[in-house]
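Residue-level structural notes
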Amino acid sequence: MATTPEELASHKKAYTAIGIALLVLTCVTVAFGFWHPFGPVMTWRDITLGLLIAIVKSSMVALIFMHLNHERGLIYKILLFTFCFFLGLMLLIFFAHADPIREAFDAIRNSLG
Amino acid sequence: MEIPYEVTARRDTGLYNAKIGVWLFLASEVMLFGGLFSAYVFLRVGTQPGIDNPWPMGLNVQILMAGFVNTLVLILSSVFVVFAWVALKERKWNVFRNWMIGVLACSALFMVIKAYEYNSKLTQHHDIKLLDNSILGGKILEGTDKIRFDADSVVVDFSGSAPGFMNQVESDENIEFKIETGENAGKTVKLSELRSWYHKEHVRMMREVADMRMKQRKGEWVDGTDKNPETKATLSAKPFRINANPRKIAGRDEETLNFRDRTVIKGKLVDDTIKMEVHSLNLQMVPLQDQENVMAWKLIHAATGGDEIKENVLAVRDEKVTYVRSHFPDGVIPVSVLQGPFINFRKIHDVPGGEAHGGDHHGEEPKAAHPGDHGSEESAEHGHGSHGDIVIEVPREQTSFVTNHGPRAGTYYAIYFTMTGLHGLHVVGGALVLAYFLLFGKRIFLKNPEHLANRVEVGGLFWHFVDLVWIFLFPIMYLM
Amino acid sequence: MSAASSTHQGADASGHAHDEHDHHDPPFWKKYIFSTDHKVIGLQYGFTALVFMAFGFFLMMVMRWSIAYPDRAVPFLADLPWFQSWLDADGKVTGELYNMFGAMHGTIMIFLGIVPLAFGAFGNYVTPLQIGAPDMAFPRLNMASFWSYFIGGVLMFTSFFLPSGSAKVGWTNYSPLATTTDLQFSDIFWTGQTQWLLAMVFLISSSLLGAVNFITTIINLRAKGMTWMRMPFFVWAMLVTGFLLLLAFPPLEVAAIMQLMDRMAGTSFFVPTGLHVGGMPFDAAGGGSPLLYQHLFWFLGHPEVYVLILPAFAIVAEILPCNTRRPLWGYKTMVYAAMVLGFLSFIVWAHHMYLTGMGTSVSTFFQTTTVLISVPSVILITSLLISLWGGSIRFNSAMLFATAFIPMFGIGGLTGLPLAFNNIVLHLHDTYYVIGHFHYVVAPGTIFALFAGIYHWFPKQTGRMMSERLGQLHFWPSLIFMNGIFMPMFFQGMAGFHRRAFDGGTAYEKVANQLFVSGDSFFGQMFNFVFHRAGGQDVNMIDLNLIMSSSAWLLALAQIPFVINLFISVTRGKKVTSDNPWNATTLEWATPTPPPHGNFLTEPVAYRGPYEYSVPGAEEDFTPQFVPGEGDTVPVPGEDAPAKTETHA
Ligand code: HEM
Ligand SMILES: [Cu+2]
């Protein structure tokens, strides 16, 4: 980890830059949320965009502020491992609702009116 | 005994203990908030249009400015934390102290804004869902959502749970209850003593029942001769007013009030209509063809004496439906769209002719009305009780669900309060840890500055994580 | 080189610690109550967990009475004050009491008994010793996790005495039943159901803190020379268990918090639209999903069962090589199997939910992963089995329990396999078959391993041996009665007995009267003789309840020798003659007896792998890790882990 004065100075610059970028991106998010650019109605595109900006912002926090950009391999491994299960969690909705059978039944029911 | 690698890194792993520890902890935090985010998606996607309460759009119901400012505040605090850490690395205590004070100020500001938001939701905004699923939004006039009842006698049940009506009695005076039945008949208990009296009687009853069972088992019990234990007591008092929380009531009529804890109160029902300033009407759960006949119109008619509002609202709706029909070619109109509009009532009321579908940023084009529509930003959490609000009276029989915009208002509010609440707890926790470094860190600093730098780094990691969670919370709760 | 002669501790080992310790002793409460010493905390965990397990066992005995004799008053208890308010007028168990006991039995056994005993007690006591660390990485955190656990336990226990009684909707606590139960109380906070959730939040926090501590300790505090592949399997298992706890528990914490919100704040996370309770519309917004609860619960639930079983494997893997005097067979394979097991255990959870109406493709996925996960399980158990091969086995009490673990876990695991298929679960779900399956895994499985661990490490802590004779007296009846309880469950389950029926299934007439064996058969005659029934009477499915319940009570009696043994041996047991009474190889036997605060007198070094028994050419049949030999590499401090093996974090 950085200890020399030069390194610390360059750190400070990076932190300032990232801080400003985060503030700007927050404004961008709000602007996009307000005037959704993909048409009059908020759609999945706007949601994706908003989440993308959030992902960019959070990676900046994680990489620079949390020093993940030069962290030891062990930490990456732990986080990678965690991320796998995090994905599993996010798929809960899929496991509960993605159901071809139910979709088929729904289709039949709808066609019957 | 010294634990190795508390300050210096171990050579093969390259890490000191606390660093590994905090990352592991953050891993579990990822799973914690992951579970909550997953629940958010689950509940939102799982909301069935027309059946479940509509999932409101964040922009419509949140104070955007508060969320926005809070985001900036948290980001700033994150920046401050890294600068504080750098200051320690440079061995400058005073600089560290200043940055740290900045962090704590930010966290305090964050919590204050949060409290303001919560308060506005809990006390300024209400929904009344009528039996036909139309939902009126607005502000319930103080106290009118309570069941007001003049009581003169109370029957408590010792096999139930301690009576809870006591804190719903209106007057401050210490009402005196006269015991009407049982061994203690004629004695009196004060309202303030009622709870301890209940517990004593409860214990007595349990003992008597136990005795009875024992005797019954041994065959010594003689019906008629042996006295059954008293499981209830009737108390009477001078008439007093109860403002009962409807959630505690299992049933009621003109003369009785049945509490869920099995206390029965006798007397006279005074008033049970809810008075509300209406701001908006949500017809998403009402089929299109029924929207002209919802109960809400009658209530509004009774309050205003005219049908002007109804006509305006329906005109706006028709406009939207036409728009949707023309933009979604044959038949693929989302059900949610057809279910009906979420209409900002005040706008319609203010501007006759239904011209203004509030907050339309796209010129003349009316926006499709579906749960994601936000044709009413301004309505949201602003302008309490401004001019021109109509106050309607809703008899409780006509409602199916009355709520403030607190956690119970629907799954959106539930997850909003749970997630931001947990996040707030994390902010407080993190701030406490950082405050500890600020207040008591000097000693560690003098002894081994690197140790303090490490600890601040670890505390900072947690702080950044909390910031990171908010970066996701903000758009999904306030914007989408 | 001879191990016994080279260890610096002499025969006077038991007196050792006191000599080392005379520098101002901390006061009693600091030393034994709010201690930060991992060994004391381990013992605290152990005792608390044993008490809770005994209590959970007691609950089960009452339940078994109600099942065996639904029409008779419970003996002994009917006159106790607390019971009088929950038993019915005739002193019989009511459905409510049964539900309370059932829910709390499961909760207590799993969350307050086995996990704390296996992970908290054994893990805490043994792990730092085995890796040569002076203590856990965060001693104060360690204390915090014990006290968090303790508070959780106290909350669970006291909830029995609330007016509402304790939680009563099963250890899985499914919503919406769990949400709507006991809402009639004016103070919902003080109902058993709410207290359960609160207690769970404490227990989960405790486990999370513990997991952080364990993993950090194992990663960073290994002694010189203790490379990854020189760690005993025990430590590996603890590492994997730590990760399971760390990553699987938070979703349950989320579920508990959401259910708490549902109860206390009136939210409807798990309350669907249109829910009616007792014929009345439930006063909530609706729109929630009970399925969400099940997903979050079982996301924890399945990894949790591996939290229950991995420490058992760990203990057995230490005891087998020591008593067969042979190396552990397939050490590396076992390590990898444990890791794969840990990974897979996260993606099988929905096999508990086949009957919630999930789609075929999703259930096919979970069916596949569930079958896959039995592969590493079988690898583990097979390795243990092969480890017995060709050994001259020393059958002491620890070894008896450890050996019995193998077939018992085998039965439990194999009966799980059919359950992996959703068409079979259609018939077996929520029957006694499932109960039999998982009890075989945890009761004669894990609990036997825990007993084995107690017998094995007792001399290290106390400097005295436990009585072998009492140990045998403990083991054999336990083995018999364990099987007496759980084996019939498979038959009943396959016949269709539903679980959680408080009258033991008298309500299920059709199943009850199915023939088990004819009265003329040998078994039938025996049965009628033992239970005083007229000869020639056929034995029906429901009659098996008598066997199971009697076995349960006899099993309780069989624990008496153990309790006596445990307490008597502390003061009366045979003194050990060395610090390494079993002639074992791992690092914990290099410490004085009992190990002082800080554990090792000189800095320990691991010179070789953990299971070097009967090394050809060696003077003795064991070559401990801590004894330097010729040609041993003495690794450089901190650089002990070669890059290749470092990849298993
Ligand atoms: C060897 C591989 C295993 C397989 C294939 C397996 C499979 C299953 C399946 C499919 C069920 C659900 C049955 C149903 O509810 O219909 C189940 C239930 C259960 N299993 Fe296993 N299992 C295995 C190992 C284990 C182990 C090692 C443990 C514990 C240490 C365990 C503990 C449980 C418990 C506690 C339940 C019941 C949960 C409840 O509904 O209350 N299983 N098992
Ligand atoms: Cu499972």
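Predicted model only: the values in this text are computed from it and were never measured.

**Regarding the overall build of chain A**
Counting its regular elements, chain A contains 5 helices and 0 strands. From first element to last, N terminus to C terminus, chain A shows the α and β order α-α-α-α-α. Burial statistics for chain A: of 113 residues in total, 38% are counted as buried. In chain A, the proportion of contacts linking residues at least 24 apart, taken out of those at least 6 apart, comes to 52%. Surface exposure of chain A reaches about 6,000 Å², of which carbon and sulfur atoms provide 75%.

**Remarks on the site of ligand 1**
Residues and elements named next belong to chain C. Taken together, 22 residues sit near ligand 1, with W171, L419, H429, H437 and R499 positioned nearest. Interatomic distance of 2.9 Å between a side-chain N/O atom of R499 and an oxygen atom of ligand 1. Counting residues per element, the ones that place at least two in the shell around ligand 1 are α11 (290–324), α14 (397–419) and α16 (432–462). Of the residues belonging to the shell around ligand 1, the class tally is 14 nonpolar, 7 polar and 1 charged.

**Here's the deal with the domain arrangement of chain B**
Assigned domains of chain B: these are domain 1 (17–125 + 409–479), domain 2 (147–244) and domain 3 (276–404). Centre-to-centre separation of domain 1 of chain B and domain 2 of chain B, based on C-alpha positions: 49 Å.

**Section: the pairing of strand β12 (residues 390–395) of chain B**
Residue and element names in this part refer to chain B. Burial along β12 is one-sided: the face carrying I390, I392 and V394 is buried and the face carrying V391, E393 and P395 is not. Across 6 bridges, the pairing between strand β10 (residues 273–282) and β12 is antiparallel. By the bridge assignment, I274 is partnered in β12 with V394.

**Describing the interface of chain C and chain A**
Taken together, the contact between chain C and chain A spans 23 residues of the former and 18 residues of the latter. For the pair chain C and chain A, the summed buried area comes to about 1,700 Å², and 82% of that belongs to carbon and sulfur atoms. Counting the contacts that link chain C with chain A gives 0 salt bridges. The interface formed by chain C and chain A holds 0 residue pairs in polar contact (both at pLDDT 80 or more) in total. For the side of chain C that touches chain A, the secondary-structure elements that each account for two or more residues are α10 (233–264), α11 and α13 (360–387) of chain C.

**Here's the deal with the coordination of the copper ion (ligand 2)**
Protein-derived ligands of the copper ion (ligand 2) are H302 of chain C (ND1), H351 of chain C (NE2) and H352 of chain C (NE2), with the metal-ligand distances lying across 1.8 to 2.0 Å. Mapped onto the sequence, the residues coordinating the copper ion (ligand 2) show the spacing H-x48-H-H.

**With respect to unusual backbone geometry**
All names here are of chain C. Residues S175 and P176 are joined by a peptide bond in cis, for which omega reads 0 degrees. Among the structural elements, P176 can be located in the loop between α7 (139–158) and α8 (177–180). Backbone geometry at R325 places phi at a positive 60 degrees, although glycine is not the residue there. Residue R325 is classed as buried on the basis of its relative accessible area, which comes to 8%.

The rules behind these values
- Residues numbered from 1 in each chain as written.
- Chains lettered and ligands numbered in written order.
- Predicted model: local features only at pLDDT ≥ 70, side-chain atom pairs only at ≥ 80, totals over all residues.
- Heavy atoms only, no water.
- Helix = DSSP H or I, 4+ residues; strand = E, 2+ residues; numbered from the N terminus.
- Buried < 20%, exposed > 50% of the residue type's maximum accessible area, 1.4 Å probe, protein only.
- Contact = heavy atoms within 4.5 Å.
- Areas by Shrake-Rupley, 256 points an atom, 1.4 Å probe, with all protein chains shown as cover.
- Near = heavy atom within 4 Å.
- Polar contact = N/O pair within 3.5 Å; in protein donor to acceptor, adjacent residues only side chain to side chain.
- Nonpolar A, V, L, I, M, F, W, Y, C, P; charged D, E, K, R; others polar.
- Domains from an automatic or database assignment.
- Pairing = 2+ DSSP bridges.
- Buried area = accessible area lost by both parts, 1.4 Å probe.
- Salt bridge = Lys/Arg side-chain N within 4 Å of Asp/Glu carboxyl O.
- Donors = N, O, S within 2.8 Å, 3.2 Å for Na, K, Ca; no water.

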